[in-house]
Amino acid sequence: MPKSPDAVLHALWVHPVKSMAGHTPGSAAVEPWGLAGDRRWTLIDGTGKVVTQRQQPRLALIGAELRPDGGVRLSGPGLEPLTVAVPRAGGVAGTAGGEDTAVSTTVADIFGTKVESVPAAPGTPDVHRRLSRYLGVEVRLVHLDDPARRRPVDPLYGRPGETVSFADGFPLLVTTLASLDALNSLIRQGDHPAEGPLPMDRFRPNLVVAGTEPWAEDGWRRVAVGEVTFRVAKPCGRCVITTTDQRTAERGREPLRTLGRHRRFDGKLVFGQNLVPERTGVVRAGDPVSVLE
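Please read all numbers here as calculations on a predicted model, not as lab measurements.

K.L.:
When you look at the environment of P152 in this model, what are you seeing that I'm missing?
P.N.:
The residue P152 is located in strand β12 (residues 151-152) in this model. We classify P152 as partly exposed; its relative accessible area is 48%. Along the backbone, P152 and F170 are 18 residues apart, and their C-alpha atoms lie at a distance of 9.0 Å. In this view, P152 contacts E162, T163 and V164; residues no more than four positions away in its chain are not counted.

K.L.:
Help me understand the packing of aromatic side chains in this model?
P.N.:
One pair of aromatic rings is described through two measures. These are the centre distance and the angle between the planes. With the rule as written, the count across this model stands at three aromatic pairs. Relative to F170, the ring of Y157 lies with its centre 6.1 Å away and its plane at 70 degrees, an arrangement referred to as edge-to-face. Of this pair, Y157 sits in the loop between β12 and β13 (163-164) while F170 is found in the loop between β13 and β14 (172-176), placing the two residues 13 residues apart along the sequence. A network of ring pairs unites the aromatic residues F203, W215 and F271 as a single cluster. Its end group placed over the ring of Y157, K234 keeps NZ or CZ at 5.4 Å from the ring centre. Between the NZ or CZ atom of R263 and the centre of the ring of W215, over which it lies, the distance is 3.9 Å.

K.L.:
Would you mind going over helix α2 (residues 177-188) with me for this structure?
P.N.:
For an α-helix the count is 3.6 residues per turn, leaving residues at separations of three or four pointing the same way. Its 12 residues give α2 an end-to-end C-alpha distance of 17 Å, which sits within 8% of 16 Å, the value for a rise of 1.5 Å per residue. Taken together, the buried positions of α2 are occupied by A178, S179, L180, A182, L183, N184 and I187. The secondary structure elements touched by the buried residues of α2 are β14, α3 (256-262) and β19 (268-277).

K.L.:
Would you mind going over the pairing of strand β2 (residues 27-31) with me for this structure?
P.N.:
Two faces belong to every sheet, and in a regular strand the side chains alternate between them. In β2, alternate side chains face the same way, and those of A28 and V30 are buried while those of S27, A29 and E31 on the opposite face are not. Bridge analysis of β2 against strand β20 (residues 281-284) gives four bridges, and the strand direction is antiparallel. In the sheet register, A28 faces β20, and the bridge partner there is V283. Pairing analysis gives two bridges linking β2 to strand β3 (residues 34-35), with the strands arranged antiparallel. Opposite V30, over in β3, you have L35 as the bridge partner. Connecting β2 to the antiparallel partner β3 that follows it, the hairpin turn spans two residues.

K.L.:
Would you explain the sheet that holds β3 in this entry?
P.N.:
Whether parallel or antiparallel, the strands of a sheet pair through hydrogen bonds between backbone atoms. In space, the three strands of this open sheet follow the order β3-β2-β20, with antiparallel pairing throughout. Edge strands, defined here as strands with exactly one partner in the open sheet, are β3 and β20.

K.L.:
Would you mind going over the sheet that holds strand β6 (residues 63-66) with me for this structure?
P.N.:
Spatially, the three strands line up as an open sheet ordered β6-β7-β8, and their pairing is antiparallel. Unpaired on one side and paired on the other, β6 and β8 (79-84) mark the two borders of the sheet. On average, each strand axis in the sheet is tilted by 15 degrees relative to the strand beside it, whichever way the strands run. Relative to β8, strand β7 (residues 72-76) runs antiparallel, the two sharing four bridges.

The rules we used
- Residues numbered from 1 in each chain as written.
- Predicted model: local features only at pLDDT ≥ 70, side-chain atom pairs only at ≥ 80, totals over all residues.
- Heavy atoms only, no water.
- Helix = DSSP H or I, 4+ residues; strand = E, 2+ residues; numbered from the N terminus.
- Buried < 20%, exposed > 50% of the residue type's maximum accessible area, 1.4 Å probe, protein only.
- Contact = heavy atoms within 4.5 Å.
- Phe/Tyr/Trp six-rings, centres within 6.5 Å; stacked < 30°, edge-to-face > 60°.
- Lys NZ or Arg CZ within 6 Å of the ring centre and 35° of its normal.
- Expected span 1.5 Å × (residues − 1).
- Pairing = 2+ DSSP bridges.
- Axes fitted to C-alpha atoms, helices over the stretch in contact; angles between N-to-C directions.

Printed below as a string of structure tokens:
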């Protein structure tokens, strides 16, 4: 397999709250279940199911800033800035840290249904009220305190002991700038060229790599980013979130229309690859990226 000697880590993305806006730190620790602080929080509805941009595209408009203690600061148009501390285990009822709540999540397989019971600690009633008012539906914000004992990676692709946060199914997602350029070129040639070019945030990756050939990641099996190595688990099947403008929350047809014509594999529309860390460490923007297998 050809190497990518000039490939480098162009950017990192951390999304502290699932489906809310992320941020791009210059470096991040890689934990067994993903980048430190990534998708450790999520919203759930009145039945306990996870709420994402699939149901509530306006989540894209809420910025979520990770605080040093693991808490988050939320802000957005029409939402007064809100700082949320990490719930304390066994806290007093009505304060952050009430009893764990069993979260029934429909995640992992975004095109099917996989229900999991994931214990998670709820935030305060005030946080729930303010976010519910913003979205116009009942929601609660919950925190995954210890991914090491919570959610296993999909056993079809994972190994015993591998776990994941509130990400859809795998610890990290990698994309490449060259593939985004190629996709945008196809969009320009398609039925809805005005919808392009699309920015990378539509795909909500963790690692963005520069210096590869388009679609090179399709052939990766193991990669090293700086000092950290990763196993490539499977291609990432894409959903309606990719059609959501992350600045306006408005939806279009792309990129799903173009992916359906050019990037359909095993019935799924593919962009990017899911990763599982083989070792922990720190990754930094500018780190060399090597294809090991």
